[in-house]
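These are the residues of each chain, in order.
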Amino acid sequence: MTDPHVAGGGRHRTRLTRARILEAARRELGRDPDSSLEDIAEAAGVVRRTVYDHFGGRSALVEGLASDATEALGRALATMPVLGPDAVTAMARFVLTLWPVGDRCRVLLRLAPQDLGAERVNEILGPARETATAIIERGQRQGVFHTSVPPDPLGRAVEGLTLALLECVNAGTWSDDGTRTATAALIAVGADGDLAAARVRSLARPERLSAQRPA
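Cut-offs applied
- Residues numbered from 1 in each chain as written.
- Predicted model: local features only at pLDDT ≥ 70, side-chain atom pairs only at ≥ 80, totals over all residues.
- Heavy atoms only, no water.
- Helix = DSSP H or I, 4+ residues; strand = E, 2+ residues; numbered from the N terminus.
- Buried < 20%, exposed > 50% of the residue type's maximum accessible area, 1.4 Å probe, protein only.
- Contact = heavy atoms within 4.5 Å.
- pLDDT = per-residue confidence, 0-100.
- Expected span 1.5 Å × (residues − 1).
- Polar contact = N/O pair within 3.5 Å; in protein donor to acceptor, adjacent residues only side chain to side chain.
- Disulfide = S-S within 2.5 Å.

Colleague: I would appreciate a short explanation of the overall build of the protein in the present structure.
Modeller: In terms of helices and strands, the protein carries 11 helices and zero strands. Secondary structure elements of the protein occur, N-terminal to C-terminal, as α-α-α-α-α-α-α-α-α-α-α. With the principal axes as the frame, the protein shows a C-alpha extent of 65 × 35 × 30 Å. Taken across its 215 residues, the protein has 45% of its residues classed as buried.

This is the structure in structure tokens:
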């Protein structure tokens, strides 16, 4: 008869190993989309056979990253309150909320050309992109965001800016806890710079931001 405590411990170790492989894959593939399973195994501190045991190959590993990103984005978006009437506050809150999971999105976009495809990436990022578009539409109606670019393309521009700044943080060329990126995103959509900085400061809590480092 199998000891349930031993079995439970085995399942826990399996989950931890899987999570460690996904973390290593996100790091290595984010750095170089051509990283091999051997590179990822080494970064995870396991043998290549272990990666195959958990994922079966590169395509399954990439799909594991996609599923992980989908879940993380869903959890982050679920913590956002219903969008209030103030578009500046809504955009600041949106960027601050998604900052901790931004690296997952960045890696998916890097993998899109050869592994996932634009349609699959849009399926994953769609809810966040729709939220950004809705906030920008509201801000344009309120006259606080510029209207020279339509909401959807402007939302994609904010996405690109946010992920580019996150990549600089990962590379060690810049330091940010999400607050400066949120301010930059507001300025990019046309908000007044002083208003943007003040609104982000009013939302930022030291204890909250310390828990919201990119994961």
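From this point, things continue past the structure.
Colleague: Please clarify how the side chain of T131 should be interpreted in this entry.
Modeller: Relative to the helices and strands, T131 is located in helix 7 (residues 118-142). Using a relative accessible area of 18% as the deciding quantity, one classes T131 as buried. Not counting the four nearest positions on each side in its chain, T131 is found in contact with L77 and F94.

Colleague: Would you explain the confidence of the model for the protein in this entry?
Modeller: Caution applies to low-pLDDT regions: their predicted coordinates should not be interpreted in detail. Predicted confidence across the protein gives a mean pLDDT of 90, with 91% of residues reaching 70 or more. Least confident of the elements in the protein is helix 11 (residues 206-210), whose mean pLDDT is 46; most confident is helix 9 (residues 179-188), at 97. Low pLDDT, under 50, characterises residues 1-7; the predicted model gives this stretch one contact beyond four residues in sequence or across chains. Residue range residues 207-213 is modelled with pLDDT below 50. Its contacts to residues more than four positions away, or to other chains, number 13 contacts.

Colleague: Teacher, can you tell me more about helix 5 (residues 87-98) here?
Modeller: Every α-helix winds through 3.6 residues per turn, so residues three or four apart in the chain are directed the same way. Compared with the 16 Å implied by 1.5 Å per residue over 12 residues, the 16 Å span of helix 5 between its first and last C-alpha is a close match. Within helix 5, 11 of the 12 residues are buried, which leaves the element mostly enclosed by the surrounding structure. Capping of helix 5 at its N-terminal end is provided by D86; its side-chain oxygen lies 3.1 Å from the backbone amide nitrogen of V88.

Colleague: Looking at this model, I keep getting lost on the environment of F94. Mind explaining?
Modeller: Structurally, F94 is set in helix 5. Separated by 72 residues in sequence, F94 and L166 have C-alpha atoms that sit 15 Å apart.

Colleague: Help me understand the state of the cysteines, please; the structure alone is not making it clear to me.
Modeller: Throughout this description, disulfide means a covalent bond between two cysteine sulfur atoms. Applying the stated criterion across every chain yields a total of zero disulfides. Of all cysteine sulfurs in the structure, the one in C105 sits closest to C168, which takes part in no disulfide; the separation is 17 Å.

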